[in-house]
Amino acid sequence: MQKKLEDERKLKEEANRKAEEEKNIKAREEYEKGLSDAEKERFRSDVAKNAGEILSPSPSTSNSGSDSSSGSESSSNSSLASLIVTRIVSGVETTVPLSPAFSSKTFSYHVTVPYDTAEVQIRPTVADTGKATLTVDGETASSGSAKTVVLGAIGTTKTLPIVVTAQNGIAKTTYTVAIYRQTDSNRDELNSIGVSSGNHSYPVFSPHEGQPNWTAYLPEAITEAYFTVFTKNASTKLIYNGTEYPANVPFLLTSLPVDNGNFDFGLKKPDGSVSMYTLALMRIPAGHGVTAALKNIWVEDIGANADYEATTLTYSAAIPGSATEVRIKPDPDGDWNISASYSVYDQNGVNVSPHADGFFHIPLNESGNTVIQVRVTSLDQSNVKTYSLILNRESRESIWGSLSSVSMELLNPSDSGMFQPIGPDQLAFNPDVLVYSLTVPANGIALKMKPTQAGDSDIRSVAVNGSTSNPDSAGNYMLSLSPGDNDVTIGVRLAGDTSNRSLAFYTFQVNRSLLPAGLTDWDTTNNADGSEVEWKPSGVNTFQAHLDKATDSITLYLVGIASAEANYGNSTATSSPSPTAQYPDRQKLVLGNLPRGTFNIYLTLYDAEHHKIGNSQSLLLTNVRKPSGISDWKVRFNGTDYSWSSTVDGDRYYVSIPENVSSFDFKLFLDDASVTASVYGIDESFDFSGITWLSHSLSLDEDVNYFKLKTVKGNAETWTDLVVVRDDTSPVTYDDNELIELRDMTAAAEVSVNHTGALFSAAVNSGDLELALHGYPSEDIVVTMSGVRLQPNGIRYDLSDRLQPGVNELKITLYSNFSTIVTAYTYSLYIYVIPDSLKLTDIPGAHVTSDPTHYQASLNFGQQAFHFKPNLGFAGATVSVEAFGEPVAENADGSYDVYFPSGLSQMGILLRVQSGGQTILYTLTVSPSGL
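Residues numbered from 1 in each chain as written. Predicted model: local features only at pLDDT ≥ 70, side-chain atom pairs only at ≥ 80, totals over all residues. Heavy atoms only, no water.

1. Focus on the environment of D671
Within the secondary structure, D671 sits in the loop between β52 (663–670) and β53 (676–680). As a C-alpha pair, D671 and D632 span 39 residues in sequence and 8.5 Å in three-dimensional space. When neighbours within four sequence positions are excluded, D671 is seen to be in contact with G629, I630, S631 and K713. (Helix = DSSP H or I, 4+ residues; strand = E, 2+ residues; numbered from the N terminus. Contact = heavy atoms within 4.5 Å.)

Okay, here's the thing in structure tokens:
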């Protein structure tokens, strides 16, 4: 029976191969019909030339393998024979030139198309016809057939990966085509559109420049209306239903749609080109008016009025003295989602415009009231309402803690002087301004800060990214900076204020650059699989990256310099220009012959006069990790050495071998004579010791074989999972819904588990639980809790005595074994253990989130403190409250008041519930919200 099934499978594969080959031949013939004789000859020549390359493996293939087009071995050819991009011009398919010209050994191309090209056709043809397969932008494509690709907005670039997979399923080559859609300042020929019916005009809402869609709101009862299309050029013609009309004069459109519809028209410019536009006609139903009202007025960092009513036009609130401006965002309301328009006026009655963040920034008067008006106008301009906000700015010094000055110095060891003062051009300190932002170089690894309090204020805390620092004897705080964004906060309050009523925070948003000095942008590609390599600053003039896929070469693209040079080991590489429309000054630097393990690449940057820019950068690259104590290791079969590959998380290594190989040699080279290594298989184990190449033969008896490697170096013992995958191994697929089973051992009952994506959660009263994971070999599962790996009993894990009251997180990693890769899927299981004796049943004024230990609440408009009274589920439990690391005093009725500091956008409150020697922590997040 098995032989019969195998014969049927082979016959079906042969039939599919022949059908695919016939399809490709037919597609080529159809394509050649549209070519001129010269184009047809060049196309055939390219195909013939590249067909001769099919026995030469691509330098960017993901693995090496036997390459033969005869016998029983599968082909490893993953090259393209041709790559053609076309677009439709006036109904005719036209070829778009590639830059550079196509070559099977060139893997990156650029294409530029006009602004009016919304889509292109990609036609890749594989060299190994009928054997290699390919995908375009992640979707399966047929060799030699056109695949339509939709482009982004004008002025944007869309990058398409084209992945060719050889017949053996191992070798892969990735070609990329970056398609830039040009901008055209003359593209928007349309100035405006006027719509009127009878004696009434209706406003038309224009979009952003370059977008062809417009909108008008008309009452449902109107059956016809005049439309006037105003153009930039008086000679432009209006085209409607295929007929030309003069533009800039009223055009009667009859039989308007009863429901929402479109008025589609074109504009024909004097040069004969036509641009199409759409006017969306939104019909207002009978009995509905267009209102002038606000749903809300959002006042950032101030608070909300819970009693907001659209008919109440005047509101007032006290503003902290630390505030120098307010940021508001009106939220217009209307019948059935027709939005009203609005205007905002400052205290001088001047109409102001919103900033890029969508908020209106209104300066406050130095003292007294600031009156801000929001005037709302209905769409038909028949209804106007004016809302007034009266904001009273309190005296800053008498209410909040304050600083008189802040000095900051940047620790940059690569420059002389070590510490460099940050001057007023970057930090212009004002005691009344609470938020600052500044950027420092990647070498800026630390800040030295000295704040000075004003009057009778006290400095309560200085922290960076939530980590509190202590001052030295001179009052300086040394703060380490992480790559990227850092938040430095200084908490200040009035002397003797233990209630934190006067607590205010100054925040310094410090961005530590992720670029070496001299570069405006850079990115790196792993040539083995086309993945992006991420560099992170790790010290002075040092950037570090780790490759999850071993490679012989990487490519750096550097922007903002004239040239670059890299030195590593015994190799040197020099950059060459590689400009694009987006980066005309881009340099390309290809680094080949990369060693394995961790090594330094010394990168030197030069300007146009070939002057060195700053100091050389040390790029510390890890080209696939190896277990502790091992200098090098290999897998050998069929007389050839192969490398182990690591999974993304680095917890296990795998290698793929052919189906007909029944054994392999495990080879390694230890660091020194003090290191020992042991390998454990299903039926055998053996030990290694010594400092030469060591080898041991291992037999294979399954599709997927699991081994464990133990290395001992000094007192450190390291365990590593090893997986050997056979080429014919079928994928292991996972059903997330059936993965996790939890049982309460005290009640012998199953626990309900919630599931969203890769997150699982369950709330229980007892910590005596059993976890079962279904559907997978135990060797494919790794479960860790607080960094400690749990050992199963079959498919079950005993969690008793491991879980604590509160939040417990387990990491579950499933390894899916394919014929060429091993992919790790990581899931999180959050177990909320909340004994009845520690249960917090309610916090009035707050709501519990999906995490039963986390509550959220909002402050009302003008409210200075959050008032709440927690309710406990067990009479014998006690609760204590902390805010900003200090206890909050309980009121006589069991309630608490926590004052909201000036300068913060949200506040965290900690509730500690205790009973019978056990403790559970609840968090309450309070944020200001809209008026």
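2. Section: the pattern of salt bridges
Applying the stated criterion across every chain yields a total of 15 salt bridges. The shortest N-O distance in the salt bridge between R636 and D641 comes to 2.9 Å. Under the relative-accessibility criterion, R636 is labelled partly exposed at 31%. Judged by its relative accessible area of 32%, D641 falls in the partly exposed class. For K667, the salt bridge identified is with D641, shortest N-O distance 3.2 Å. (Salt bridge = Lys/Arg side-chain N within 4 Å of Asp/Glu carboxyl O. Buried < 20%, exposed > 50% of the residue type's maximum accessible area, 1.4 Å probe, protein only.)

3. Comments concerning a negative patch on the surface
On the surface, a cluster of negative charge is contributed by E659, D701, E702 and D703. Examined against the element boundaries, D701 turns out to sit in the loop between β55 (694–699) and β56 (704–713). (Patch = residues over 30% accessible without salt bridge, like charges linked within 9 Å, V, L, I, M, F, W, Y side chains within 5 Å. Areas by Shrake-Rupley, 256 points an atom, 1.4 Å probe, with all protein chains shown as cover. Lys, Arg positive; Asp, Glu negative; His and termini not counted. Charge placed at Lys NZ, Arg CZ, Asp CG, Glu CD.)

4. Thoughts on unusual backbone geometry
Cis geometry marks the peptide bond from S99 to P100; its omega dihedral reads -5°. Within the secondary structure layout, P100 lies in the loop between β2 (92–96) and β3 (108–113). Even without a glycine there, the phi angle at A748 is positive, about 50°. Along the chain, the position of A748 falls in the loop between β58 (740–744) and β59 (749–751). The phi dihedral of D801 falls on the positive side, at around 70°, and the residue is not glycine. Accessibility expressed as a relative area gives 75% for D801, which makes it exposed.

5. Focus on the confidence of the model for the protein chain
Of the residues in the protein chain, 78% reach a pLDDT of 70 or more, and the chain-wide mean stands at 79. Per-residue pLDDT stays below 50 along residues 49–72; that stretch engages in 54 contacts with residues further than four places along the chain or on separate chains. Across residues 301–308 the pLDDT falls below 50, and counting only partners more than four positions away or on other chains, this stretch makes 35 contacts in the model. (pLDDT = per-residue confidence, 0-100.)

6. A short note on the nonpolar core
Of all hydrophobic cores here, the largest spans 30 residues; its most connected members are F866, F868, I909, L911, Y922, L924 and V926. Elements represented by at least two residues in this core include exactly β70 (854–859), β71 (865–868), β73 (878–883), β75 (896–899), β76 (907–915) and β77 (918–928). Counting 28 residues, the second largest nonpolar core, distinct from the first, contains A550, F637, L700 and L709. (Core = buried A, V, L, I, M, F, W, Y, C linked by side-chain atoms within 4.5 Å.)

7. Digging into the pairing of β73
Where β73 and β76 come together, six bridges link them in antiparallel fashion. Bridge pairing links V879 to V913 in β76. Relative to strand β74 (residues 886–887), β73 runs antiparallel, the two being bridged by two bridges. Residue pairing in the sheet places E882 in a bridge with P887 of β74. (Pairing = 2+ DSSP bridges.)

8. Observations regarding the pairing of strand β47 (residues 617–623)
Burial within β47 is extensive, with six of its seven residues counted as buried. Bridge count for strand β40 (residues 542–547) against β47 is six bridges, and the pairing is parallel. Among the inter-strand pairings, A545 is bridged to a residue of β47, identified as L621. In this structure, strand β46 (residues 597–606) lies alongside β47, joined through seven bridges in antiparallel fashion. For N600, the partnering residue across the bridge sits in β47 and is L620.

9. As for the sheet that holds strand β44 (residues 576–577)
What the five strands build is an open sheet, ordered β38-β37-β41-β45-β44; its pairing is antiparallel. The open sheet has two edge strands, β38 (532–533) and β44, and neither has a second partner. Taken together, the six bridges between strand β37 (residues 521–526) and strand β41 (residues 554–559) define a ladder with antiparallel strand orientation. Following the sheet pairing, T525 is matched in β41 by T555.

10. Description of the packing of aromatic side chains
Note on aromatic pairs: each is described by the distance of the centres and the angle between the planes. In total, this model carries 26 aromatic pairs according to the counting rule given. A centroid spacing of 4.5 Å and a plane angle of 10° characterise the contact between F637 and Y642, whose relative ring orientation is stacked. Side by side, F637 and Y642 carry an identical accessibility label, which is buried. When the centroid spacing of 5.5 Å and the interplanar angle of 25° are considered together, the rings of F866 and F868 count as stacked. Take F868: its relative accessible area is 1%, and that puts it in the buried class. (Phe/Tyr/Trp six-rings, centres within 6.5 Å; stacked < 30°, edge-to-face > 60°.)

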